[in-house]
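Here is how the chains run, residue by residue.
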Amino acid sequence: MSMLLLGTLFGVVTLLFMFSGAPIAFALGSVATLFMAIFMPASALDTITQNVYEEMASITLLSIPLFILKGAAIGKSRAGQDLYAAMHVWMGKIPGGLGIANVFACALFAAMAGSSPATCSAIGSAGIPEMRKRGYSPGFAAGIIAAGGTLGILLPPSITMILYAVAAEQSLGRLFLAGIAPGLLLVALFAVYAALRYRKEHALAEAEFKRTGAASALLAGETFTTRQKFEMLPRVVPFVLLLIGVMVALYGGFATPSETAGLGALLALALIAGIYGVWRPRDVAPILSSTLKESTMLMFIIGMSLLFSYVMSYLHISQAAAEWIVGMQLSKWVLLAAVLLMVILLGFFLPPVSIILMTAPIILPPLKAAGFDLIWFGILMTIVMETGLIHPPVGLNIFVIKNIAPDIELSDIIWGVLPFVVLMLLAVLLICLFPGIATALPDAVMGAVAGAAH
């Protein structure tokens, strides 16, 4: 059988299993096992468990359940609501301050929890009702939270980045550092859009009031005293210190990424025990249960995705595809655009975990041959995959928002998030034009660390 026919058959069978409705892990594992049985030596089936174990025997992957535990500890407490409330009080006087407060709260919570759905749920459960009560349109309120939640896979610690670092064989520390400035860029773009959109809605509300006399809640002013502002700080400072402590441990060379994940999980459990009294077995059980379920599901997907990639490599499908892409002799920027477009299309149907592990063996060799920095590309790929969390038909964050705000029409949520998709693509363009946005910080920090070591 020719390589073209084998590769086409492999792709078609994969799509059939995906569209059958089977869970992603089972679909990928079934395709891999089927092709091992037909096209590989019979003894290959006896080594499936060994292959999966060897592929997953990475100390970096150990950090995933620990980061999930850290996120679950924060997500299951009132930390999200307190963080949002503090941001609201401090930004109340800024035009559109409530929307901007939600963006900042999402960014901080995402940096602590590392999970987009958890960020949407924790901040949105408090933020969406507050924004709607103060006159924000349903789609605008939903869009801010859905888009803010996507920062969970860009700002470190990010489970998605951990997987990319493993697949691309790149430094996880550099990748985490590279995500900070682009993450702040997205926060700034989202905040500016929130302010501009608020001004537009405010102007419409004023025009409606002059025309009909009906006063929107958007026109009502709200002020907070200095005392109220400082009373809110104790709710935020411990978690900011947690974030800083984890970063210092990681980038100061005091701990490896896996050790940092364990440190973060223990500190998060200690904080919610001290601040919210979450220490009794009945209080901690939901956190451990949630961590176990999510970790098991994610690690199973990772294991089956790695087996899937192993079979592709053994049958030389990934190598042949990479050689075919190189053989097309596309200019480097056309190649990059084609790869990112493919990632966007895959995002219609697949979560970031599967996209990374399935495509890395195919797309990374041509990109490296074209001279692209794989750390820099990892940031672009992460932002593009973020759009998959908020655009239909899958759009996980869209359905999280629908779950916490069931009275908002799905069409309103979708129209509300589309401007943020455009802003994400604008961020990708800016990082292409100014690569230093992603590369300057890791180069500076790692250079300083290397200099100090010598």
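Bear in mind that the values here come from a model prediction, so they are computed numbers and not experimental data. (Residues numbered from 1 in each chain as written. Predicted model: local features only at pLDDT ≥ 70, side-chain atom pairs only at ≥ 80, totals over all residues. Heavy atoms only, no water.)

1. Remarks on the nonpolar core
And then number 1: In this structure, I64, I302 and F377 are the most contacted members of the largest nonpolar core, which totals 155 residues.
And then number 2: With 14 residues, the single largest contributor to this core is helix α10 (residues 172–212).
And then number 3: For F377, the residues in contact, after removing those within four places along its chain, are Y164, L336, V339, L340, I363, L364 and L367. (Core = buried A, V, L, I, M, F, W, Y, C linked by side-chain atoms within 4.5 Å. Buried < 20%, exposed > 50% of the residue type's maximum accessible area, 1.4 Å probe, protein only. Helix = DSSP H or I, 4+ residues; strand = E, 2+ residues; numbered from the N terminus. Contact = heavy atoms within 4.5 Å.)

2. A short note on helix α4 (residues 63–75)
And then number 1: The terminal C-alpha atoms of α4, which comprises 13 residues, lie 18 Å apart, in line with the 18 Å expected from a rise of 1.5 Å per residue.
And then number 2: In terms of burial, α4 is largely enclosed, as 10 of its 13 residues are buried.
And then number 3: Of all the residues in α4, the buried ones are S63, I64, F67, I68, L69, K70, G71, A72, A73 and I74. (Expected span 1.5 Å × (residues − 1).)

3. Some thoughts on the packing of helix α17 (residues 374–388) against helix α19 (residues 410–433)
And then number 1: Remark: α17 packs on α19, axes separated minimally by 9 Å, with the N-to-C direction vectors making an angle of 170 degrees. If you check the angle between α17 and α19, you find them roughly antiparallel. Across the interface between the two elements, W376, I379, L380, I383, V384, E386 and T387 of α17 pack against V421, M424, L425, V428, I431 and C432 of α19. (Axes fitted to C-alpha atoms, helices over the stretch in contact; angles between N-to-C directions. Parallel < 35°, antiparallel > 145°, perpendicular 65-115°, else oblique.)

4. What about helix α3 (residues 48–56)?
Since the α-helix turns once every 3.6 residues, residues separated by three or four places project in the same direction.
And then number 1: Those residues of α3 that fall on the buried side of the exposure criterion are I48, N51 and V52. On an axial view of α3, the arc spanned by its buried residues comes to 95 degrees, and they lie on one face. Counted as exposed and oriented over 90 degrees from the buried face of α3: T49 and Y53.
And then number 2: Where α3 is buried, its residues meet α2 (24–39) and α13 (281–314). (Arc of directions from axis to C-beta.)

5. Some remarks on the confidence of the model for the protein
And then number 1: Across the protein, the average pLDDT comes to 83, with 94% of residues at 70 or higher.
And then number 2: The lowest-confidence element of the protein is helix α5 (residues 79–90), averaging 75 in pLDDT; the highest-confidence one is α19, averaging 92. (pLDDT = per-residue confidence, 0-100.)

6. Some remarks on the environment of F176
And then number 1: Secondary-structure assignment places F176 in helix α10.
And then number 2: Taking C-alpha positions, F176 is 39 Å from F39, a pair spaced 137 residues apart along the chain.
And then number 3: If we skip the residues at most four places from it in the chain, F176 touches F67, P156, P157, S158, M161, I162, L250 and Y251.

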